[in-house]
Amino acid sequence: MLRPVIVVGTIVMLLADSTTPYVDLSTTAGWILWLAPYLPLLALLFGAVPGVAVWFASYAAIIVLGAPSSAFVGTIFSNVIVVALGTFLLPRRAAIGFACAIPVTMLGAFIRNPASGLALTLVGILALMSAAAGLSLNTFRSRHEQSAERVRDLEREQQRVREEERTRLAYELHDIVAHDVTVIAMQARRAEFVDDAEKTARILDGIGRAAQQTLLDLRSLVALLRDGHDEASVSGDPSNDVTDERDLSRATPSDGQTTSAVGLMHDLDGVIAALTQAGFAVALSVEGETSRIPTSVRHALRRTIRELGTNILKHADPANDVEVVLAVEGEHVTLGSTNSIASGLPVMSSRTGLEAMRARCEVFGGSVEATSEDGRWTTSMSIPLEGLSAVRR
């Protein structure tokens, strides 16, 4: 809408000035003095920078040619529009610089032609008023753009947080549910080939206990998401009422936390027992003082222990031995497993196990390695006992 107004206004003003006595179109200088005031308007159609640049060039031409007072008065219409829009559209610093250059330009014109002092004063005042209006609008625009950018930054940050939260919840669900569901699937598969009623009863009992544990874990996750509920009261798991460290050996934490070295060993024994019940021959090796492992690292190990057990249930060959190692050596704790790779079709995998292990391990400055050699699959996780501080020394 503004472009047609500028074009029409420029044409009208040019035609009007062509009839005035001070315009002499018989000379080149006359043509320049006639067109110069309005060229910035036409240049403004291509942007604020071209408009301001041509504004300076036009005034330079008028000053050099020693234009009369009437020529400066003829720039008022152009000045109001070019100065106002220029100071509004230019970046703030450039707009302030343009506004400051206006009185300097008028002073140069006055030095060149002192007789035009009154006309230059009028032109300068109107130009500075236009600049003040443009700068005010520029300030409003800048604040609006900054506010819009902050909103976009907040939206991007919220999106990033949501994506991280979805990833964390995916890991939590995988860690909590995958192990017990895999146990259920493997036990149900075994039950298909067992004719002994007593063995079938034990398998069904194992399936029932695994299903109950899965339900408790899911309730604990729901309590965690509610943020403020006591997980022990929600889960109803009597093991959460354990207060003595010695009693942890008889309880399985279902709240996703391992609070002691004894509890960590109980988690490890529970996974080994599940593997043994599923038909695996497991050789467990524990080296070093597990009491040296910090609580936060024990929590990561607890999740990794279940993940290792889940992967063994899914992908290992029950006909061959499985080795599980927990070693506290020097400044690191290492947890790993080695097993033969089953030749049959494994239980469906979400392929998030190793990814979750790596993400959990990297928090503490550790590393995860998974290798296959001679039909044996080895997974090993190593974490500094003092977390990231040990790595940064």
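It should be emphasised that the depicted structure is a prediction, and the values quoted were computed from it without experimental measurement.

**Some points on the overall build of the protein**
Regarding its fold elements, the protein presents 14 helices and five strands. Counting only contacts in the protein whose residues sit at least 6 apart along the sequence, the fraction spanning at least 24 positions is 69%. Roughly 20,900 Å² of accessible area belongs to the protein as shown, and the carbon and sulfur atoms make up 62% of that amount.

**A look at the packing of helix H4 (residues 48-64) against helix H7 (residues 92-112)**
At a minimum axis separation of 9 Å, H4 and H7 run at an interaxial angle of 10°. Here H7 runs roughly parallel to H4, going by the angle between their axes. Along its contact with H4, which presents Val52, Trp55, Phe56, Tyr59, Ile63 and Val64, the element H7 presents Phe98, Ala101, Ile102, Thr105, Met106, Gly108, Ala109 and Arg112.

**What about the sheet that holds strand E3 (residues 332-340)?**
One open sheet accounts for five strands, arranged E1-E2-E3-E5-E4; its pairing is mixed. The outermost strands of the open sheet, each flanked by one partner alone, are strand E1 (282-287) and strand E4 (367-373). When strand polarity is set aside, the average angle formed by the axes of neighbouring strands in this sheet is 10°. Alignment of strand E2 (residues 322-329) against E3, held across seven bridges, turns out to be antiparallel. Bridge pairing in E3 links Val328 to Val333. Lying over the sheet, helix H11 (residues 261-277) contacts E1 and E2, oriented at roughly 165° with respect to E1. Contacting E2, E3 and strand E5 (376-384), helix H12 (residues 295-315) runs over the sheet at an angle of about 5° to E3.

**Description of the pattern of salt bridges**
Side-chain pairs of opposite charge can arise where the charged atoms are in close proximity. Enumeration over the complete set of coordinates arrives at six salt bridges. Here Glu145 ties to Arg141 by a salt bridge, and the two come within 3.0 Å at their closest N and O atoms. Of this pair, Glu145 and Arg141 both sit in helix H8 (residues 117-191), four residues apart, roughly one helical turn. We classify Arg141 as buried; its relative accessible area is 19%. Residue Glu149 pairs with Arg156 through a salt bridge whose shortest N-O separation is 3.1 Å. The partly exposed category is assigned to Glu149, whose relative accessible area is 31%. Taken together, the shared-partner salt bridges connect Glu149, Arg152, Asp153 and Arg156 into one network.

**Overview of the pairing of E4**
Looking along a regular strand, one sees side chains alternate from face to face of the sheet. Both E4 and E5 contribute to a ladder of seven bridges, which runs antiparallel. Bridge assignment links Ser367 to a residue of E5, and that residue is Ser382.

**A look at a nonpolar patch on the surface**
A surface patch of nonpolar side chains, about 390 Å² in accessible area, is lined by Leu25, Trp31, Leu35, Leu39 and Leu42. Mapped onto the elements, Leu25 comes out in the loop between helix H1 (2-17) and helix H2 (28-35).

**Some remarks on helix H6 (residues 76-89)**
For H6, spanning 14 residues, the distance from its first C-alpha to its last is 20 Å, which sits close to the expected 20 Å at 1.5 Å a residue. The complete set of buried residues in H6 reads Ser78, Asn79, Val82, Val83, Leu85, Gly86 and Thr87.

**A closer look at the packing of H6 against H7**
Look at H6 against H7: their axes get within 8 Å of each other, and the N-to-C directions meet at 150°. Of the possible angle classes, the one that applies to H6 and H7 is roughly antiparallel. Two secondary-structure elements touch here, H6 through Asn79, Val82, Val83, Gly86 and Thr87 and H7 through Ala95, Phe98, Ala99, Ile102 and Met106. Taken together, the residues of the contact of H6 with H7 break down into seven nonpolar, three polar and no charged.

**Some remarks on H4**
Here H4 spans 24 Å end to end across 17 residues, near enough to the 24 Å set by a 1.5 Å rise per residue. Among all positions in H4, only Ala48, Gly51, Val52, Trp55, Ser58, Tyr59, Ile62 and Ile63 are buried. Buried positions in H4, seen along its axis, are confined to an arc of 130° and lie on one side of it. Exposed residues pointing more than 90 degrees away from the buried face of H4 are listed as Val49 and Val64. After H4 finishes, the residue Gly66 shows a positive phi value of roughly 65°.

**Looking at the pairing of E5**
Note: E3 against E5, nine bridges, orientation antiparallel. Note that in E5 the partner of Ser340 across the bridge is Arg376. Hairpin remark: E4 followed by E5, antiparallel, with two residues in the connecting loop; positive phi at Asp374, about 55°.

**Overview of the confidence of the model for the protein**
Across the protein, pLDDT averages 77, with 79% of residues at or above 70. Averaged pLDDT values for the elements of the protein fall to 39 in helix H10 (residues 231-235) and rise to 93 in E2. Of the regions scoring below 50 in pLDDT, residues 389-393 engages in four contacts with residues more than four places distant in sequence or in other chains.

What counts, and at which threshold
- Residues numbered from 1 in each chain as written.
- Predicted model: local features only at pLDDT ≥ 70, side-chain atom pairs only at ≥ 80, totals over all residues.
- Heavy atoms only, no water.
- Helix = DSSP H or I, 4+ residues; strand = E, 2+ residues; numbered from the N terminus.
- Contact = heavy atoms within 4.5 Å.
- Areas by Shrake-Rupley, 256 points an atom, 1.4 Å probe, with all protein chains shown as cover.
- Axes fitted to C-alpha atoms, helices over the stretch in contact; angles between N-to-C directions.
- Parallel < 35°, antiparallel > 145°, perpendicular 65-115°, else oblique.
- Pairing = 2+ DSSP bridges.
- Salt bridge = Lys/Arg side-chain N within 4 Å of Asp/Glu carboxyl O.
- Buried < 20%, exposed > 50% of the residue type's maximum accessible area, 1.4 Å probe, protein only.
- Patch = residues over 30% accessible without salt bridge, like charges linked within 9 Å, V, L, I, M, F, W, Y side chains within 5 Å.
- Expected span 1.5 Å × (residues − 1).
- Nonpolar A, V, L, I, M, F, W, Y, C, P; charged D, E, K, R; others polar.
- Arc of directions from axis to C-beta.
- pLDDT = per-residue confidence, 0-100.

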